[in-house]
Each structure stands twice: as C-alpha cells, then as structure tokens.
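# Understanding the architecture of this molecule
Letter by letter, the chains look like this.
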Amino acid sequence: MTVYGQVMTRIAAFGGAYANPYAVAACLDDARARGCERLVSLGDLGGFGAECDAVWPLLTDGGVECIAGNYDVAIGRGDPDCGCGYADERDNHFAQLMYDHTLAHTSRAFAAWMHELPGELRETIGGVDVQMVHGSPLVINDFLWESLDDDELRLRLDGCAGERPDLLLCTHTGIPWQRRVDDTLVVNVGTVGRPANDGRRETWYAIVDLEAGDARAELIPLAYDWRAQAASMRAAGLPEPFVETVETGWWTTCLEIVPPPERARGAFHVYREAMPAGFEGADGAGWAEPVEIPDDGRPVVSLFGTPLFPPRLWVYTNFHCNLACEYCVVASSPKARRREIPSWRFRSLIDEAVREGFTEVYLTGGEPFVHPDILEMIEYASDRLETVVLTNAMLFTGRRRRELARLAGRDGLVLQSSVDGALAQTHDRWRGAGSWGRAMEGLEYASSLGLPLRVAMTQTPDNRDEVEPLRARLATMGITGDGFAVRPLVQRGFAAEVDGAIQVSDAVMVPELTVTTDGVHWHPVGGDRDASPDFLIAEGEVSLAEAKRRIVERFLRLRQADGSLPDAFHCAV
C-alpha cells in the first residue's frame, strides 16, 4: 500500500478463532476490504465453538500466517487438557468441557498441521521490529490483561529474545486493548471467535499500519453471523452458558482468572456456588434475611442484586441535623457542613436508579426533614421506588406536620426512626435532653396517620436491658416483628473513640451504594468523607453505573486478597 508516496504495510492480526468459522470468514473479508496485505492468526484455533475443522481451510486458502496458541499445542500433541493457565477448579471445569469437545472433533490431519506451527513470529516490517506471540514473550498461556501495570508489562517484554520489540502483538485473554510501554507498543488483539465480555455480539481483531519505523494500531469490532455460530453450538450439544455468551456478549464461564477491573465491567462476577447461603448478624441484631438468588441455570451471578451487593440506594439528602448524637457515624449536628443535595439532582438520581435496577432507596442525613424540598423529594422517590426515610421524628410540627399528613397512604413509603431506650433518660443521654419525648410524640402522630413505621435501636452501654421493654412500647404503635431491630454501635464519626463500639471496614461489610454531595461511598456508615475516607469510592458526581462498577471492582479485589466473603451490616431495619 502506498500512502503519500511512502510504502506502508497493513497487517490484520487476530486471536482465538475458537472453532468459529463464521467469524473467521467475516474477519478475512473485512480485513481485505480495509486493505490489509498480510493476515496473521495468533493461535487458539479450537475451543469454545463446535466446528473445529471448519476454520482450517479458511486459514490455508486465505493465506493466513499462523502461530500456535496453547490450544493448538495441546491438540497437536493430544494432551489431556488445554493448558490454558487457569488456577480455579471451576474455571478448569468449563475449560475441560470445551477442550474435550475440541479434541474429539478435530481431525488428526488438522491436529498434525497445528503441531507444526511456530510458537512466535518476529521480523522487521516497515522499519518496525515486530514480535507476535500468543500469550506473552515469557509463556504461551500468559495473560496480558489491560489492568497489568507498566512494570508487569516490562517484565514480559524483558522475556523477549534480544532487545525489546517496537511492537508486541498478543491475544489469549480475549479482551482487546493497546498501550505504549516505554518504546514498545503492546497490542492485545482480542479474539474473533468469542465476544470480549462487553455486552456486544461483535468480536475483535486489530489492524496495524507499519511505516518508516512507526507502528499504529486500531482495534476493530467485527460483525459476523453470530446466530449461525450459536445454532451450530446448540446443535452440537455444547453447554448452554457457552451459547449464551455468543448471543449476549457476556462471559458466563471461566471468570476467576479475570482480574477485578476487567471482571467488574462484565455482567457476571462470581460463581453461583461461591455465594453464601445466608448471613448471621451479631448477637442481638435483627438483620433482614438475604434475598434468595433464583437459579437461572447460569453457573455465575452478578454481584449487584444479590445479598453481596443489595439493590438498595442510600442518599444523604443533607448532613445538618437538629441533634448532635454522641455516636453519629457521619458526625451530623446543627453545625455540620450542610452538603445538601438539590432536588433537581435528587430526581435525576432516582431516575437513574430505576434504570440501573435499584429496587429501593433510603433517604438519610443529617435529618432529612430539615431539607426544604424533602416533601417533593419523598413523593418523587416513592412514586418510582420503595422508599424509606430515616428521621429522628422530632420535627413533625407546624408546616412539617401538615406535610407529613400529605404522605399518608402512599404505597411504598416507610418512615424509620431511632429510639435508643425504653426510658427517656437512657435515650437522652446519647441524643440530647427532651429528644426521647419528642421522638415518641412524632412516632405516635405518624402512626395515627397510618404511615408504616420502623425503629432501630442503637445498642449503647446504657440500654442493654431495655430491648424487650422498648419492643413492647413500640408494639402499641403497630411496630412489631421485623419492624424493630437492634444494631451495634460503630466506631465512626462522633463514636470513633467510644469503648465497646465495633470496628468496621469495607473488607468485612457488604456494600450498599451511598450517594452524598461529596461523592459515592461503600456503605452509609461511611457516608462522611472526613470521618470515613476509606469508604469513599469516587469523589464528585459519577453515574450510578460507574459507581456500581467501582464497587464491584473493589469487592473483587478485597475478596481476592484472602478468598473471604463479607458479612452483612444493615443500617436499615
């Protein structure tokens, strides 16, 4: 190809044919239409798809230069497994299913041809030193993920024979990316035989332009007849999760090998069998029972919408409060920085929450009823989602009393308050003189309106003997059963130094996405940026979709550190 009087070489490189002749044929046609002079396959010709031998004539007739992937080496030698490099037994289980089909349905002639393929190609093209491998220069089944830092990539590049190349082309992970590391452009070309866990049915390959010592790469989404591929796999009796990946673009197998950043972008995050059966709270705590996870036949589940990441959105409407409780985890008080979410942004959050699959929203503070627009905000939220408003119930007088009456009879609205003892002196010791009496009056009024009520009692050194008396007192207002819970004192905010309070962190707590004016947080107990900087997920305004992704990524990193799953800690009843 001649460009502006200079000779430029254009190469198409693809990985993971994966017994998908429909994608391979489309890739060759697309690459030629884009002016590619050389076509290179970076290995893994079988696996995942059903028509193993069908890709062979496409490669040979199309003049495709091929190197061996770990699949090709294993099939060529007749190995008992694919040598993919998985460590998790569940990943290996699904990899074995794929490999057994490929081994049984690949002709000996094709296997012998694969056995003779070189393990890499290296040459100078257009003045560019190019190295082409399957995994990395170190190991054929090495995973070069985009989330690897530059130092980790340098280790791979130092595995090259001789000097580092100007351009490294690789595949194996199934997810395309490119990045320059020092003087080397590293391009993972993705795979044409399987989608890239991005929700697209298209697959990926790369086009590289080499000219006068310069290399430029473009990652190309490839449309092909995915319906034919899915029908072929289904007709061959391959497991349905494999077929679903072709039909949806989301990976439903072999997830444990995928690092948290890449896995968090997908639809599924954890193997179903790794999910806990239930949660047991601390002694005396009445946590809500976890939601049952329907068995949809997939081996994997999404974290969001499960007990590990409930579809519950918390919104701090404001931080100023009429009280200054001595154990407030977010240090709210009449003097606190207001940090008030405007009503227009709140409506936008609610609309986004509906789109993102949240099923309930909790409004908290501070005291939400000091927000000037709280009534309209509650109405807007409860028209669209199950809504719980956390309030100290002390401000139901004058205008607010009339406004509360407007909320009576609204479906999907619950008021939750905190009462920390059956006696006024017990409650007031932590919340301020006269607060118990005013709170009980407020609850009585709300009860008279027929508003559903819940009460949480924060366990303090003073109220341990008052759980049952308070339970009986609340029952007179219709607050019974799961409508009353006891929660432990937490060492955060004003209670950071309180003896007997429990220590919490994101490593031991199920996330409940929380929004404040400062950003998004892991859990409502860490909703104050100053008191709990470790719970901050992202500063400023970010989309709920991005906030969910970041929480999933952090969750997976924490779980990966020791293999454990967190406990449930519910602020709400």
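The preceding data block contains the structure.
Here's a quick rundown of the structure. (Residues numbered from 1 in each chain as written. Predicted model: local features only at pLDDT ≥ 70, side-chain atom pairs only at ≥ 80, totals over all residues. Heavy atoms only, no water.)

Our focus in this paragraph is the overall build of the chain. For the chain, the helix and strand inventory stands at 16 helices and 23 strands. Across the 573 residues in the chain, those meeting the buried criterion constitute 58%. Long-range contacts, defined as pairs at least 24 residues apart, comprise 71% of the intrachain contacts of the chain with a sequence gap of at least 6. For the chain, the separation between the mean place of its 54 positive charges and that of its 86 negative charges on side chains is 7 Å. (Helix = DSSP H or I, 4+ residues; strand = E, 2+ residues; numbered from the N terminus. Buried < 20%, exposed > 50% of the residue type's maximum accessible area, 1.4 Å probe, protein only. Contact = heavy atoms within 4.5 Å. Lys, Arg positive; Asp, Glu negative; His and termini not counted. Charge placed at Lys NZ, Arg CZ, Asp CG, Glu CD.)

All right, on to the packing of helix H7 (residues 226-235) against helix H8 (residues 240-248) then. Where H7 meets H8, the closest approach of the two axes is 9 Å, and the angle between their N-to-C directions is 175°. In terms of orientation, H7 lies roughly antiparallel with respect to H8. Each of Trp226, Gln229, Ala230, Met233 and Arg234 in H7 lies in contact with H8, whose residues at this interface are Glu240, Phe242, Val243, Val246 and Glu247. A class-by-class count of the residues in the contact of H7 with H8 yields six nonpolar, one polar and three charged. (Axes fitted to C-alpha atoms, helices over the stretch in contact; angles between N-to-C directions. Parallel < 35°, antiparallel > 145°, perpendicular 65-115°, else oblique. Nonpolar A, V, L, I, M, F, W, Y, C, P; charged D, E, K, R; others polar.)

On to the pairing of strand E9 (residues 177-181). Looking at chain direction, E9 and strand E10 (residues 184-188) are connected through five bridges and run antiparallel. Among the inter-strand pairings, Trp177 is bridged to a residue of E10, identified as Asn188. Hairpin remark: E9 followed by E10, antiparallel, with two residues in the connecting loop; positive phi at Asp182, about 55°. (Pairing = 2+ DSSP bridges.)

On to helix H11 (residues 374-382), then. Here H11 lies mainly inside the structure; eight of its nine residues are buried. Within H11, burial applies to Ile374, Leu375, Met377, Ile378, Glu379, Tyr380, Ala381 and Ser382. In the core, the buried residues of H11 are packed alongside helix H10 (343-355), strand E16 (360-364), strand E17 (386-390), helix H12 (398-407) and strand E18 (413-418).

Turning our eyes to something else, we now look at the nonpolar core. If you look at the biggest cluster of nonpolar residues, it comprises 81 residues, and the most contacted ones within it are Leu313, Leu404 and Leu513. The residues contacting Leu404, other than those within four sequence positions of it, are Phe369, Phe396, Leu415, Tyr445, Ala446, Leu449 and Leu451. Ranked by size, the runner-up nonpolar core spans 67 residues in total, among them Phe14, Cys84, Tyr99 and Val192. (Core = buried A, V, L, I, M, F, W, Y, C linked by side-chain atoms within 4.5 Å.)

The end-to-end C-alpha separation of helix H1 (residues 21-33) is 18 Å, in line with the 18 Å expected for 13 residues at 1.5 Å each. Buried residues in H1 make contact with strand E3 (9-14), strand E4 (38-41), helix H2 (55-61), strand E11 (203-211), strand E12 (214-222) and H7. Gly35, located one to two residues past H1, shows a positive phi value of around 85°. (Expected span 1.5 Å × (residues − 1).)

A few words on the layout of surface pockets. What the largest pocket holds in volume is close to 430 Å³. In this structure, the largest pocket is lined by 23 residues; those nearest its centre are Ala267, Phe268, His269, Ser302 and Phe304. Only strand E14 (300-301) and helix H16 (544-562) provide two or more residues apiece to the lining of the largest pocket. Considering each element in turn, the lining of the largest pocket owes the most residues, four residues, to H16. (1 Å grid on protein atoms, 1.4 Å probe; cavity = no way out; pocket = protein on both sides within 12 Å on 5 of 7 lines; lining within 4 Å. Points joined across faces, edges and corners; volume = space filled by probe spheres on them.)

With that settled, the discussion passes to the sheet that holds strand E21 (residues 514-516). Taking strand neighbours across the sheet as the criterion, the nine strands line up as E20-E19-E18-E17-E16-E15-E21-E22-E23 in an open arrangement whose pairing is mixed. On the outer flanks of this sheet lie strand E20 (484-487) and strand E23 (536-539), each paired with one strand and no other. For this sheet, the mean angle separating the axes of adjacent strands, direction not counted, is 20°. As defined by bridge partners, strand E15 (residues 312-316) adjoins E16 across five bridges and the pair is classed as parallel. Residue pairing for E16: Leu313 is matched across the bridge by Val361.

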